Number of protein chains: 2
Amino acid sequence: MLTVFGSTALDTIRTPSKTLKDVLGGAATFAGIASSFFIKTGLIAVVGNDFPKKYHNILSKKLDLQGLVIKNGKTFRYDGKYDHTLSNRTTLKTELNVLSNFSPVVPEEYKKSKFVYLANNDPDQNSALIKEFDRVKFSMCDTIEFWISTKRDSVIKMIKSVNAVVINDEEAKLLTKEFNLIKCAKKIMDWGAEYVIIKKGEHGSLLFYEDVIFPSPAFSLEAILDPTGAGDSFAGAMIGFLASKNSTSISNIKKSIVYGNVVGSFAVEKYGVDGLLILTSAKIAKRVRQYKKMVQF
Amino acid sequence: MLTVFGSTALDTIRTPSKTLKDVLGGAATFAGIASSFFIKTGLIAVVGNDFPKKYHNILSKKLDLQGLVIKNGKTFRYDGKYDHTLSNRTTLKTELNVLSNFSPVVPEEYKKSKFVYLANNDPDQNSALIKEFDRVKFSMCDTIEFWISTKRDSVIKMIKSVNAVVINDEEAKLLTKEFNLIKCAKKIMDWGAEYVIIKKGEHGSLLFYEDVIFPSPAFSLEAILDPTGAGDSFAGAMIGFLASKNSTSISNIKKSIVYGNVVGSFAVEKYGVDGLLILTSAKIAKRVRQYKKMVQF
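Here is a short report on the structure shown in this document. Here the structure is a predicted model, which is why all the values come from computation and not from measurement. (Residues numbered from 1 in each chain as written. Chains lettered and ligands numbered in written order. Predicted model: local features only at pLDDT ≥ 70, side-chain atom pairs only at ≥ 80, totals over all residues. Heavy atoms only, no water.)

## Some points on a positive patch on the surface
On the surface, Lys112, Lys114, Arg135 and Lys137 of chain A cluster together into a positively charged patch. Mapped onto the secondary structure, lysine 137 of chain A falls in the loop between helix H3 (123-130) and strand E9 (138-141). (Patch = residues over 30% accessible without salt bridge, like charges linked within 9 Å, V, L, I, M, F, W, Y side chains within 5 Å. Areas by Shrake-Rupley, 256 points an atom, 1.4 Å probe, with all protein chains shown as cover. Salt bridge = Lys/Arg side-chain N within 4 Å of Asp/Glu carboxyl O. Lys, Arg positive; Asp, Glu negative; His and termini not counted. Charge placed at Lys NZ, Arg CZ, Asp CG, Glu CD. Helix = DSSP H or I, 4+ residues; strand = E, 2+ residues; numbered from the N terminus.)

Put into structure tokens, the structure is as follows:
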């Protein structure tokens, strides 16, 4: 199985076409639902007792929830606004609520996970949590500007403790203090990651492993409604695909990135998690075939 | 043969590592040298009588210069400065000089060209010049912010008169007033271009033709010294490859874009045109093989 540790949130998302209030969101929600198309996925997360039953039902249909803690208090809330280009998001409010003093515990069954995804959590928490897994074959973490700015040393320590880092281009530059993405990736590999995947939004991603560089364009889309969760869906599908193959061969890593691109493209076609909720394995397979045809020359 | 119409310049380029004073530059210089690896290329351009003999010699080795006019006066000069990331360039000075009242004339021999590249010239000049060619199979133009801001209607008229438009992403957005690159391309196709190639710098390019979208990543490079002329080299290699095949099949158009990416990658590895001057067909072929291997999955 695959374990995903990260946030489950109630998001307020303001896009040019629509504002969504307190909808199901969070990095682990997107990543976990994306990975669930490939492999049984266990969620380690916390919500408050205000977390709507309908969202709990959605999660329980897609994920193993032994690791989901329901605490007294309010669920983590995020409020962000996209500009008219949908390329830039401004954070209006972040309320940590029950997330602020959450001590994640790994259920016994999850400890056997060979594949573990640590979303953009506190890097110290990620570093501690990964030690609880006895049989990890492939662990991957993400990180965000907030942790790079406030806990850079902990981020670097976390990188040592995992196999792979998936990170946005701007955050990779901020973290490594480099401008060229190859230089960014080399520095992150020097810090101990075997694989570095730099996400570039609409421009796709770059994978680095030893002397391999694998650039992959995004699946081109005309109708983007809400970019929220695209990167988390990318990461979740990627590691979910690898877990389903029980493989970390470079060939499968490359394929997993194509699956990441494709699932990420479905996520942005609808608002919030809706793009993932109406998704099926058949639709993923079909778009992967379209992707292959698209990039061929 | 292929005809390239555009600017030949003396550039002052300020990069973080080095400043080059009055070096050989200009859109047609880069595009023409790039295309010369594939096909005999004729240049239509103007320089002043201050144009150094050594630069004239370089051009005459690579290009047919029947279309190069030497006028009394000073050569077109451009002065620009890159920031520390090499991603942003500020124009410090543009001196049109002999370019300001240049009336291009197409030499008889050039009129038989089946492939014509119109660089980022005055769109009215481009529209007029293309009519001088009797047997054009494939014409392609570029444009820049200056013309979009000052002569948008003429740019749109020019687009009607060519087969293909190659344009930067930011300029495509400015021109079409759209944010999504697919929407940008559709609008340009609605205006009459059959093919639209949107250049995205380090992120590669997107080709649009009928319902085909072909995204191609750039050849990943760690050591970039000077991005000047990358886009012009891309366009020159692209149309040069097509001219050498005497083909505009979609398969060859896709391949031509790969050649464009590869030749563009050589251009940025050295200062000014140096990257193109030390280039050979064998080096291009080798990097195309590396490119194919790189993007495979």
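## Looking at the sheet that holds strand E12 (residues 205-209) of chain B
All names here are of chain B. In space, the nine strands of this open sheet follow the order E5-E4-E1-E8-E9-E10-E11-E12-E13, with mixed pairing throughout. A strand with exactly one partner marks an edge of an open sheet, and here the two such strands are strand E5 (68-71) and strand E13 (212-216). Strand-to-strand twist across the sheet, computed as the mean angle between neighbouring axes with direction ignored, equals 15 degrees. Across four bridges, the pairing between strand E1 (residues 2-5) and strand E8 (residues 115-118) is parallel. When the bridges of E8 are listed, leucine 2 appears paired with phenylalanine 115. (Pairing = 2+ DSSP bridges. Axes fitted to C-alpha atoms, helices over the stretch in contact; angles between N-to-C directions.)

## Considerations on the sheet that holds strand E11 (residues 195-199) of chain A
All names here are of chain A. Taken in spatial order, the nine strands make up an open sheet running E5-E4-E1-E8-E9-E10-E11-E12-E13, and their pairing is mixed. Bordering the open sheet on either side are strand E5 (68-71) and strand E13 (212-216), each of which pairs with just one other strand. In this sheet, adjacent strand axes meet at a mean angle of 15 degrees when their direction is disregarded. Of the strand pairs in this sheet, E11 and strand E12 (residues 205-209) are connected by five bridges, and their pairing is antiparallel. The partner of isoleucine 197 across the bridge, within E12, is leucine 207. Strands in contact with H3 are strand E1 (2-5), strand E4 (41-48), strand E8 (115-118) and E9; relative to E8, the strand with the most contacts, it is inclined by about 165 degrees. (Contact = heavy atoms within 4.5 Å.)

## So, the relation of the copies chain B and chain A
Think of it as a corkscrew move, a rotation about one axis and a shift along it, taking one chain copy to the other. Of the two same-sequence chains, chain B is brought onto chain A (RMSD 0.0 Å, axial shift 0.0 Å) by a rotation of 180 degrees. Both chain copies can therefore be described as sitting about a two-fold axis. A high fraction, 100%, of the interface residues of chain B reappear at the interface in chain A, so the copies pair face to face through one surface. (Least-squares fit on C-alpha atoms with pLDDT ≥ 70 in both.)

## Things to note about the interface of chain B and chain A
Contacts between the two partners involve 30 residues from chain B, matched on the other side by 30 residues from chain A. At the boundary of chain B and chain A, one finds two salt bridges. Lysine 186 of chain B is paired through a salt bridge with glutamate 222 of chain A; the nearest N and O atoms lie 2.6 Å apart. Taken together, the elements giving at least two residues each to the side of chain B that touches chain A come down to helix H7 (181-190), E13, helix H9 (250-267) and helix H11 (281-295) of chain B. Element by element, the count of residues in the side of chain B that touches chain A is highest for H11 of chain B, at five residues. Looking at the side of chain B that touches chain A residue by residue, the class counts come to 15 nonpolar, six polar and nine charged. (Nonpolar A, V, L, I, M, F, W, Y, C, P; charged D, E, K, R; others polar.)

## Quick notes on the pairing of E13 of chain A
Residue and element names in this part refer to chain A. Two elements, E12 and E13, share five bridges in a ladder whose sense is antiparallel. The partner of serine 205 across the bridge, within E13, is serine 216. In sequence, E12 turns back onto E13 through a hairpin of two residues, with glutamate 210 there showing a positive phi of about 45 degrees.

## A look at the packing of aromatic side chains
Tallied over the full model, the rule gives 20 aromatic pairs over all chains. Ring geometry for phenylalanine 241 of chain A and tyrosine 259 of chain A: centres 4.5 Å apart, planes at 20 degrees, overall stacked. Here phenylalanine 241 of chain A, found in helix H8 (residues 230-245), pairs with tyrosine 259 of chain A, found in helix H9 (residues 250-267); they are 18 residues apart in sequence, far enough to count as distant. For the pair formed by phenylalanine 241 of chain A and tyrosine 259 of chain A, the shared burial category is buried. An angle of 10 degrees between the planes, with centres 4.5 Å apart, marks the rings of tyrosine 195 of chain B and tyrosine 209 of chain B as stacked. In this pair, tyrosine 195 of chain B is assigned in strand E11 (residues 195-199) and tyrosine 209 of chain B in strand E12, connecting sequence segments 14 residues apart. Members of the aromatic cluster, each reached through a chain of ring pairs, are Phe115, Phe138, Tyr195 and Tyr209 of chain A. Over the aromatic face of phenylalanine 266 of chain B sits the side chain of arginine 287 of chain B, whose NZ or CZ is 3.8 Å from the ring centroid. (Phe/Tyr/Trp six-rings, centres within 6.5 Å; stacked < 30°, edge-to-face > 60°. Buried < 20%, exposed > 50% of the residue type's maximum accessible area, 1.4 Å probe, protein only. Lys NZ or Arg CZ within 6 Å of the ring centre and 35° of its normal.)

## Re the nonpolar core
Counting 70 residues, the largest nonpolar core has Tyr117, Phe138, Met140, Ile197 and Ile284 of chain B as its most contacted members. Contact partners of phenylalanine 138 of chain B, with chain neighbours within four places excluded, come to Lys114, Phe115, Val116, Asn163, Ala164, Tyr195, Ile239, Leu242, Thr248 and Ile253 of chain B. Tyr55, Ile197, Phe266 and Met294 of chain A belong to the second largest nonpolar core, which has 69 residues in total. (Core = buried A, V, L, I, M, F, W, Y, C linked by side-chain atoms within 4.5 Å.)

## Topic: the pairing of strand E4 (residues 41-48) of chain B
All names here are of chain B. Counting buried residues along E4, eight of its eight residues qualify, which places the element largely inside the surrounding structure. Neither face of E4 is open: one carries Thr41, Leu43, Ala45 and Val47, the other Gly42, Ile44, Val46 and Gly48, and all of them are buried. Across four bridges, the pairing between E1 and E4 is parallel. By the bridge assignment, threonine 3 is partnered in E4 with glycine 42. Two elements, E4 and E5, share four bridges in a ladder whose sense is parallel. Bridged to alanine 45 within E5 is leucine 68. As a crossover connection, the stretch from E4 through helix H2 (residues 53-62) into E5 is right-handed. (Right-handed = clockwise from strand over helix to strand, strands pointing away.)

## Notes on helix H6 (residues 169-176) of chain B
All names here are of chain B. Most of H6 sits inside the fold, with six of its eight residues counted as buried. For H6, the secondary structure elements touched by its buried residues are helix H4 (145-150), helix H5 (152-160), strand E10 (164-168), H7 and E11. Within two residues after H6, lysine 177 carries a phi angle of roughly 60 degrees, on the positive side.

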